[in-house]
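Observations on the model geometry
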Amino acid sequence: MNQNKLQARDFITIGIFTAILWVVQMVIMYLGFLSPFIVAGYAVLIPIVTGIPMMLYYARIEKFGMITITSVIVAILLFIFGMGLTGAPICIAAGLIADLIAKSGNYKSWKKTFVSYGVFSLWVVASYLPLVLTADSYKQSLLEGGYDASFVDTLFTLVTPKTYPVIIVICFISGMVGAVIGKAVVRKNFEKAGIV
Amino acid sequence: MDEGKKRKEITGWLHLDPRSKLLILVLFSVVVMIDVVDGPAYIVRAIMTFVPVFLVCLEGKLHIGARFTVLFIAASVLQNYAQRHFGGALGMLVLFLCYMVTQFAPTMITVWYCISTTKINEFMAAMNRMHAPQGLSISIAVMMRFFPTLAEEYRSIRDAMKMRGIQFGGGKVTKMVAYRLIPLLFSSVNIGDELSAAAVTRGLGVPVKRTNICDIGFHACDFLIVSVMSILTIFYVWLSLQSGVKLL
């Protein structure tokens with residue numbers, strides 16, 4: 001059997017870690033509706049917190065395609081939860097590039113993993129995209145929905161087409177920070193226990 | 001496992017094809033994507049919300065349907081009231097809670113309906129028929145099955161942490177995250193290994209085409225519900241376009 005082809009065991013790993021990734025980000029997302037700063041802070045919070053499960057995931061990846069499939073499933077889930085399809089190409093592209101970067105280091109190089117997770121984190125930015133592109137109608141619907149005008153204004157000063165590139169950069173950096181924290185946690189808790 | 005047994009016993013009065021469920025889910029995501037808060041479009045949206053509730057009831061889970069209905073109506077009424085009478089921080093909090101319920105609960109109940117009433121082998125059969133890549137369907141199937149397990153594990157961990165006196169609302173945020181996430185990861189990894197062993201034993205991963213004994217197919221009620229949902233979705237999109245919502 002071809003050793004480089006994904007096998008049942010890998011698909012199960014993908015399923016499990018994608019489920020964890022999604023649950024963790026959902027929890028953060030629900031916290032976010034409390035404050036516009038947290039909404040804008042998704043790009044920081046989600047990559048950092050999901051860094052822990054993702055680093056454990058990276059430690060189990062040996063073959064090409066696993067990160068790509070994860071990003072495809074994330075794109076599908078984003079669609080189901082009402083983020084639309086605009087972010088999907090970015091999400092999948094981020095996953096594919098992250099996969100390629102990690103592959104170039106043979107899934108063992110720590111430096112490559114670090115950058116790769118930064119790129120993968122860009123899916124968070126992709127989920128913002130509809131918010132930026134349809135800012136006016138979205139703002140209107142939030143106001144009509146009874147949200148406080150100051151909440152809406154703060155949200156839209158932080159997330160606008162102008163600040164969008166900045167958010168992308170922040171997201172990428174937080175991804176790498178998340179990778180460092182995640183790696184430290186994995187080393188502290190999992191390597192000692194011999195799970196990795 | 002008890003959960004597994006319960007899952008097998010689901011034989012409602014109406015059992016839809018997994019593919020119709022997927023289609024309903026997709027149509028629903030289109031509806032959730034467009035934010036409408038009042039006018040005729042909102043009424044269409046409310047009607048659409050109750051289609052999955054109705055389906056849940058038909059699958060023999062009356063209590064869940066009833067609970068959702070009460071929650072949804074209470075949230076709508078409260079939201080309406082809060083918009084007019086409340087202000088300040090309290091108003092925001094109430095509005096936020098109501099908004100969450102009215103906006104996300106419909107998706108939640110649809111997802112819950114799809115996951116809890118579809119057996120995994122039925123899902124695999126449906127994905128096979130749609131010629132979806134096997135890798136994707138296995139991954140999604142595992143994920144679907146894993147959400148309830150994750151919830152169960154989380155409950156046990158929370159109870160254990162309660163005994164140690166570690167709860168939400170006290171202590172450092174990092175500790176709160178770490179003490180929950182890491183045990184959860186530990187048990188997930190172990191469950192994953194067990195699952196892999198079980199799957200390989202059953203021949204998942206052999207390089208031949210898998211067969212499936214599940215008898216799935218479209219029946220009259222599938223056509224009825226799918227067409228009702230499609231018409232409602234088109235009507236909804238049309239109405240919101242009329243009222244000037246930009247589509248993307």
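Quick caveat, the model's predicted, so the values are computed rather than measured. (Residues numbered from 1 in each chain as written. Chains lettered and ligands numbered in written order. Predicted model: local features only at pLDDT ≥ 70, side-chain atom pairs only at ≥ 80, totals over all residues. Heavy atoms only, no water.)

1. What to know about the side chain of B:Ser116
- Among the structural elements, B:Ser116 can be located in helix H5 (residues 88-117).
- Reaching out from B:Ser116, the side chain makes a polar contact with the backbone oxygen of B:Trp112 at a distance of 2.8 Å. (Helix = DSSP H or I, 4+ residues; strand = E, 2+ residues; numbered from the N terminus. Polar contact = N/O pair within 3.5 Å; in protein donor to acceptor, adjacent residues only side chain to side chain.)

2. A look at the environment of A:Met83
- Of note, A:Met83 is situated in the loop between helix H3 (66-80) and helix H4 (88-104).
- Spatially, the C-alpha atom of A:Met83 lies 8.6 Å from that of A:Leu129, the residues being 46 residues apart in sequence.
- Dropping the residues within four chain positions of it, A:Met83 is found in contact with A:Met29, A:Leu78, A:Ser127, A:Pro130 and B:Met33. (Contact = heavy atoms within 4.5 Å.)

3. Concerning the nonpolar core
- Formed by 119 residues in total, the largest nonpolar core has its most connected members in A:Tyr58, A:Phe120 and A:Trp123.
- Take this core: its biggest share by element is 14 residues, from helix H1 (residues 8-32) of chain A.
- Here this core spans two domains, and each of domain 1 (15-119 + 216-242) and domain 2 (122-201) of chain B adds at least three residues to it.
- With residues up to four places along the chain from it excluded, the contact list for A:Trp123 reads A:Leu21, A:Gln25, A:Ile46, A:Val74, A:Leu78 and A:Cys91. (Core = buried A, V, L, I, M, F, W, Y, C linked by side-chain atoms within 4.5 Å. Buried < 20%, exposed > 50% of the residue type's maximum accessible area, 1.4 Å probe, protein only. Domains from an automatic or database assignment.)

4. Regarding the pattern of salt bridges
- Counted according to the given criterion, the structure contains three salt bridges over all chains.
- The salt bridge partner of A:Arg60 is B:Asp193, with a shortest N-O separation of 3.6 Å. Here A:Arg60, found in helix H2 (residues 36-60), pairs with B:Asp193, found in helix H8 (residues 173-201), and the two come from separate chains.
- Residue B:Asp193 is classed as partly exposed on the basis of its relative accessible area of 32%.
- Between B:Asp17 and B:Arg19 there is a salt bridge whose closest N-O contact spans 3.0 Å. Summarising the burial analysis for this pair, B:Asp17 and B:Arg19 share the class buried. (Salt bridge = Lys/Arg side-chain N within 4 Å of Asp/Glu carboxyl O.)

5. Things to note about the domain arrangement of chain B
Residues and elements named next belong to chain B.
- The domain architecture assigned to chain B consists of domain 1 (15-119 + 216-242) and domain 2 (122-201).
- Taken over C-alpha atoms, the centre of domain 1 sits 26 Å from the centre of domain 2.
- Of the roughly 900 Å² buried between domain 1 and domain 2 on both sides combined, carbon and sulfur atoms contribute 69%.
- The interface formed by domain 1 and domain 2 holds zero salt bridges in total.
- Here domain 1 is connected to domain 2 by two residue pairs in polar contact (both at pLDDT 80 or more).
- Broken down by secondary-structure element, the contributors of at least two residues to the side of domain 1 that touches domain 2 are helix H2 (18-33) and H5.
- Here the side of domain 1 that touches domain 2 gets three residues from one element, more than from any other, and that element is H2.
- For the side of domain 1 that touches domain 2, the per-class residue count stands at four nonpolar, three polar and two charged. (Buried area = accessible area lost by both parts, 1.4 Å probe. Nonpolar A, V, L, I, M, F, W, Y, C, P; charged D, E, K, R; others polar.)

6. Points about the packing of aromatic side chains
- Under the definition given, this model contains 11 aromatic pairs over all chains.
- Relative to A:Tyr57, the ring of A:Phe17 lies with its centre 5.1 Å away and its plane at 15°, an arrangement referred to as stacked. Residue A:Phe17 is located in helix H1, and its partner A:Tyr57 is located in helix H2; the two are separated by 40 residues in the primary sequence.
- For A:Phe17, a relative accessible area of 4% corresponds to the buried category.
- Considering the side-chain rings of B:Phe50 and B:Phe68, the 6.3 Å spacing of their centres and the 65° angle between planes classify their relative orientation as edge-to-face. Residue B:Phe50 is found in helix H3 (residues 40-58), and its partner B:Phe68 is found in helix H4 (residues 62-85); the two are separated by 18 residues along the sequence.
- Residue B:Phe50 is classed as partly exposed on the basis of its relative accessible area of 25%.
- Among the aromatic side chains, those forming a connected cluster through ring pairs are A:Tyr58, A:Tyr117 and A:Phe120.
- The ring centre of B:Tyr113 lies 5.6 Å from the NZ or CZ of B:Lys21, which sits over that ring. (Phe/Tyr/Trp six-rings, centres within 6.5 Å; stacked < 30°, edge-to-face > 60°. Lys NZ or Arg CZ within 6 Å of the ring centre and 35° of its normal.)

7. Some words on the packing of H2(B) against H3(B)
Residues and elements named next belong to chain B.
- Across the interface, H2 lies against H3 with an axial gap of 11 Å and an inter-helix angle of 150°. Taken together, H2 and H3 sit at an angle that is classed as roughly antiparallel. Crossing angle aside, the handedness with which H2 passes H3 is left-handed. In this structure, H2 contributes Ile-24, Phe-28, Val-31 and Val-32 to the contact, and H3 contributes Arg-45, Met-48, Thr-49, Pro-52 and Leu-55.
- Considering only residue class, the contact of H2 with H3 consists of seven nonpolar, one polar and one charged. (Axes fitted to C-alpha atoms, helices over the stretch in contact; angles between N-to-C directions. Parallel < 35°, antiparallel > 145°, perpendicular 65-115°, else oblique. Left-handed = near helix turned anticlockwise from the far one by under 90°.)

8. Structural notes on the interface of chain A and chain B
- On the side of chain B, 49 residues touch chain A, which itself brings 54 residues to the contact.
- Approximately 4500 Å² of surface area, both sides summed, lies buried where chain A meets chain B, with 82% of it carried by carbon and sulfur atoms.
- Taken together, chain A and chain B are joined by one salt bridge.
- Summed over the shared surface of chain A and chain B, the result is zero residue pairs in polar contact (both at pLDDT 80 or more).
- Put simply, the parts of the chain that give the side of chain A that touches chain B at least two residues each are H1, H2, H3, helix H7 (135-144) and helix H9 (164-193) of chain A.

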